[in-house]
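# Summary of structural features
Residues per chain are reported as follows:
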Amino acid sequence: MNEAVHPATERETPEALLARLHASRDGLTSSEAQARVRQYGYNEIAEAHVGALRKFLGYFWGPIPWMIEAAAILSAAVRHWVDLVIIVVLLAFNAAVGFWQEYQAGNAIEQLKKKLALKARALRDGAWQEIEARALVPGDIVRLRLGDVIPADVRLLEGEYLSVDQSALTGESLSVEKHSGDEAYSGSVAKQGEMVALVTATGMNTYFGRTARLVGEAHAVSHFQKAVLAIGDYLIYMALALVGVLLLAGFERHWPILELVQFALILAVASIPVAMPAVLSVTMAVGALALSRLKAIVSRLESIEEMAGMDVLCSDKTGTLTRNELTLGEPVLFAAAEARALILAGALASKAEDRDAIDLAVLAGVQDAKALEGYRQEKFVPFDPVSKRTEATLRTPQGEAFAVTKGAPQVILELCEIRGDELERAQKAVDALAAKGYRTLGVARRDAGGAWRFLGLLPLFDPPREDAAETIREAEAHGIDVKMVTGDNLAIAREIAGKLGLGTNIEVADALMKADPQALGDGRGEQIERADGFAQVFPEHKYALVKALQSRGHIVGMTGDGVNDAPALKQAEVGIAVSGATDAARAAADLVLTAPGLNVIIKAVEEARRIFERMNSYAIYRITETIRIMLFMVLSILVYSFYPITAVMIILLALLNDLPIMTIAKDNTWLDPSPVRWQMHRVLTVATVLGGIGVLETFGLLIIAHSWMHLGLAQLQSVIFLKLAVAGHMTLFVARSRRPFWKRPLPAPILLGAVLGTQTVAVLIVAFGWFVTPIPWLYIGGVWAYCIAWIFVEDAAKLAVYRHLGHASPRHGRFLTALGGSMHPHGR
């Protein structure tokens, strides 16, 4: 039962609110939380779900079902009962296929949404736990920090401040600073600070009535899908035009009008690529599910296409190229009496609950954990990209107040007003450590009423991942230029890049920018393109780097993990939230990694290219089939004045052709060594050539059967039916690869099984005369031999077309303006 909770008001004190919600600052127990889930419902927005039966019946309503239903009524009117039965079967089959495809895609999307579910840190059973945000209930105590998407309406209880971006909800462009006692709303983003809060409302009872959702709508279509759907529209118009020609010819020859209209309707239905949208959706959704098993979750299905075409990857150093396992080096002492005292001060300026990698590394450096127990932390200001330091206010075991801070050395040195020889010594130490690949933290202390004292430097080392150098070489073999992006200084960046084999042409981000950090310096595009990496990069620089590379004609991938990375992740064609990224970065990204390392991204690119190839192959096959069947039918009727196949045969062909297509989403496919991009000119050219050859070969068999073998009309129709059924699937084998059809990758067992099954059915239909006139086994063998001979002709023509078009293929880092297409848009 979803019971409404009275909204909290600003006038209601936190204590009064806690009392009304029967909660305390110690949080809830698991059993209390379960009881409240039953009372208030889950923390999610209820979505309207259409029942399965209603969805299924929806497939009997629409232009295509109407045409099939009209054909069924006409079949009944002319008393063609066999036609009527098979047409009804086709109608039910189309509905079943559409329903199953949508069910598969829907299931895949649902699983992806679960993998991208928001998490929250809640105080349950007296301990901080990470739980799913949907499990939050009014009365829960939660911790909010930089980068979190606020998971429910909350009242802030403890902490210094929380800077909140409410732009997605209220349209306010500036962040709002909130303090203890203030409300914060579900769906807004924490930009700075850290606070503990009380959940006051969840799900449908939140102030704005909705929570932030990470996954885009399942029905979003990519540029490639839009192009293929445009082709579908073109084929529909072509089919209807040719049906119009057929009708005019029939009227002129005084054929029975009802039979003519029935035949024309069935021919149009069989030729129109009804299944195209469903097949593409399932191919994308099944592919997205496969990507999630590789620890890479897509938040927009259309980003798969962009991933397949990515040719530049700007990769964060930490956690992607390095292990993200920071270890303390030998401290450099200044005012600190000994190394142990310096490490203790750094640890006191940390917070274990935040699970920050640097904080955990410093805390791990404390040899005796009991040394921390006597200190009481009264106030903690977490790290943020602006201040570049953490600060804690504490009391000693004796009750004396003091503060400690740690952060970027230049910030801490400036805070302590270090000048002269001491400043020079500190800078030399930082540079010397950087040359060895070490990052450094400055640590300072301030006693009550005193000034900040610079205690010393803590070196941190994050070693390169064992697989990083090999993965970079693999990426380059895939046509992807990897550029390292790091906030570390130039010396550290060069050291790590050299170890990884990236090269040492590292540019300092500030030097490439104008006064505006999001604008590119004049003439810097080529310099950025040539660079192996970028040092001293701030989040705002990432946006400018993406824009610069896009202006040079690249499809760019950009990794990020922080709240300020969101603009760059949105601008890049492939925004990648790395493992451990903030909720805000995950929300902005197209690809969310659940495992560290560059290898995950490369595997995702490989899978994306395979998905792209499957869609490309299907598009070529479907266009070929429409040209082949429609042109042959209309031309043969105009030339010979009879139907080369019956209406029943057309319906049987449609059924037999659609079955294997349902398995194309799981087919094996060739992995293109270079980035792949939408090339409509190539798709149309290959499909037109294969379709034209299909018309010629079918006409050739018609001439042989009619003029040389002098078969009767009924047997001739059976021969042509078998030829169209066999040659259609052989064309699928030709279209699915840019290499000779007999070479690897061979068809997947599921596709091969579906084709062999339908071919067996087609042979049995003509051998035993099911719905058609039977033909001898000799004729059946002859049709197969004829089709097998022509598959080699089709394959040779396909290879010749690809060779001819080879010079027009997009080169690395450049776009091809395709026939009927346009430049790939930058960003979204």
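## Quick notes on unusual backbone geometry
Of note, the bond from R744 into P745 is cis; its omega dihedral lies within 30 degrees of zero at 5 degrees. At E417, a position not held by glycine, the phi torsion is positive, near 55 degrees. Relative to the assigned elements, E417 resides in the loop between α13 (409-415) and α14 (420-435). Of note in the backbone geometry, Q536 takes a positive phi value of approximately 50 degrees without being a glycine. Take Q536: its relative accessible area is 30%, and that puts it in the partly exposed class.

## Digging into the pairing of strand β21 (residues 574-577)
Working note: regular strand, side chains alternate between the two faces of the sheet. Burial along β21 is two-sided: V574 and I576 and G575 and A577, pointing in opposite directions, are all buried. Judged from the two bridges that link them, β21 and strand β22 (residues 591-593) form a sheet pairing that is parallel. Pairing of I576 across the sheet is with L591, part of β22. As a crossover connection, the stretch from β21 through helix α21 (residues 583-588) into β22 is right-handed.

## Thoughts on the sheet that holds strand β18 (residues 506-508)
In spatial order, the strands read β8-β22-β21-β20-β9-β17-β19-β18; together these eight strands make up an open sheet with mixed pairing. Each of the sheet's edge strands pairs with one partner strand only, and the pair in question is β8 (296-298) and β18. Across the sheet, the mean angle separating the axes of adjacent strands is 20 degrees when strand polarity is ignored. Of the pairings in the sheet, the one linking β8 to β22 comprises three bridges and is antiparallel in character. The residue bridging V298 from the neighbouring strand is L591, located in β22.

## Focus on the confidence of the model for the protein
For the protein, the average pLDDT comes to 83, and 87% of its residues sit at 70 or higher. When mean pLDDT is compared element by element in the protein, strand β14 (residues 401-407) scores highest at 96, while helix α6 (residues 167-170) scores lowest at 61. Across residues 210-220, confidence stays below pLDDT 50; counting only partners more than four residues off in sequence or on other chains, it has 27 contacts. With pLDDT under 50 throughout, residues 807-828 is counted as low confidence; its partners more than four residues away or in other chains account for 62 contacts.

## Observations regarding the pattern of salt bridges
Here the structure, examined in full by the defined rule, presents 41 salt bridges. Between R155 and E183 there is a salt bridge, with the nearest N and O atoms lying 3.1 Å from each other. Within this pair, whereas R155 is found in strand β4 (residues 153-165), its partner E183 is found in strand β6 (residues 183-184), the two being separated by 28 residues in sequence. Given the relative accessible area of 5%, E183 is considered buried. The shortest N-O distance in the salt bridge between R323 and E466 comes to 3.3 Å. Highlighted residues: R323 in the loop between β9 (312-316) and β10 (327-328) and E466 in the loop between β16 (453-461) and α15 (468-477), separated in sequence by 143 residues. Here R323 falls in the partly exposed class, since its relative accessible area comes to 31%.

So, how was this worked out
- Residues numbered from 1 in each chain as written.
- Predicted model: local features only at pLDDT ≥ 70, side-chain atom pairs only at ≥ 80, totals over all residues.
- Heavy atoms only, no water.
- Helix = DSSP H or I, 4+ residues; strand = E, 2+ residues; numbered from the N terminus.
- Buried < 20%, exposed > 50% of the residue type's maximum accessible area, 1.4 Å probe, protein only.
- Pairing = 2+ DSSP bridges.
- Right-handed = clockwise from strand over helix to strand, strands pointing away.
- Axes fitted to C-alpha atoms, helices over the stretch in contact; angles between N-to-C directions.
- pLDDT = per-residue confidence, 0-100.
- Contact = heavy atoms within 4.5 Å.
- Salt bridge = Lys/Arg side-chain N within 4 Å of Asp/Glu carboxyl O.

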